[in-house]
Amino acid sequence: MKAGGWSDFISPISGDEKKIFDKVMEHWVGVKYTPIAAATQVVSGTNYCFICLAKTVVPEAMVTVAKVLVYAPLSGDPHITGIEHLAP
């Protein structure tokens, strides 16, 4: 991997990645995201790209795929930097 480049996607996600994901999603409402793979990029902190199954929290909702981007700084809490729902 090139310095500053993204890692390959790994599935299933690691325990540390799951902790980061759960932390940023703990108060999220409206859509349930379930991470199925993750890639990382080391910068001044770490960028995470989670590929997730996404389901709106309503009866009979369709499951779609989304990319959830998270930044975890060297100090402080991780936060979501973007969510992109991928078209079928």
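Look up a bit, the structure's there.
Structural notes, computed from the coordinates. All of these numbers come straight from a predicted model, not from anything done at the bench.

Turning our eyes to something else, we now look at the side chain of T40. With respect to the secondary-structure elements, T40 resides in strand 1 (residues 31–43). Residue classification places T40 among the buried positions, given a relative accessible area of 19%. Apart from the residues lying within four places of it in its own chain, the contact partners of T40 are G5, W6, S7, E17, T46, N47 and Y48.

Using the criterion set out here, one finds 3 aromatic pairs in the structure. Summarising the aromatic geometry, the rings of W28 and Y33 are spaced 6.3 Å apart at their centres and angled 65 degrees between planes, so their arrangement reads as edge-to-face. By relative accessible area, which is 38% here, W28 ends up partly exposed. Taken together, a centroid distance of 5.7 Å and an interplanar angle of 10 degrees make the contact between Y48 and F50 stacked. Exposure class is identical for Y48 and F50. Each is buried. Each member of the aromatic cluster is reached from another via a ring pair, and the members are F21, Y48 and F50.

Below, the discussion takes up helix 1 (residues 15–25). The set of residues buried in helix 1 consists of E17, I20, F21, V24 and M25. The buried residues of helix 1 occupy an angular sector of 120 degrees when the element is viewed end-on, so they sit on one face. Residues D16 and K19 are exposed on helix 1 and point more than 90 degrees away from its buried face. Close packing links the buried residues of helix 1 with strand 1, strand 2 (45–56), strand 3 (63–72) and strand 4 (79–86).

Calculation notes
Residues numbered from 1 in each chain as written. Predicted model: local features only at pLDDT ≥ 70, side-chain atom pairs only at ≥ 80, totals over all residues. Heavy atoms only, no water. Helix = DSSP H or I, 4+ residues; strand = E, 2+ residues; numbered from the N terminus. Buried < 20%, exposed > 50% of the residue type's maximum accessible area, 1.4 Å probe, protein only. Contact = heavy atoms within 4.5 Å. Phe/Tyr/Trp six-rings, centres within 6.5 Å; stacked < 30°, edge-to-face > 60°. Arc of directions from axis to C-beta.

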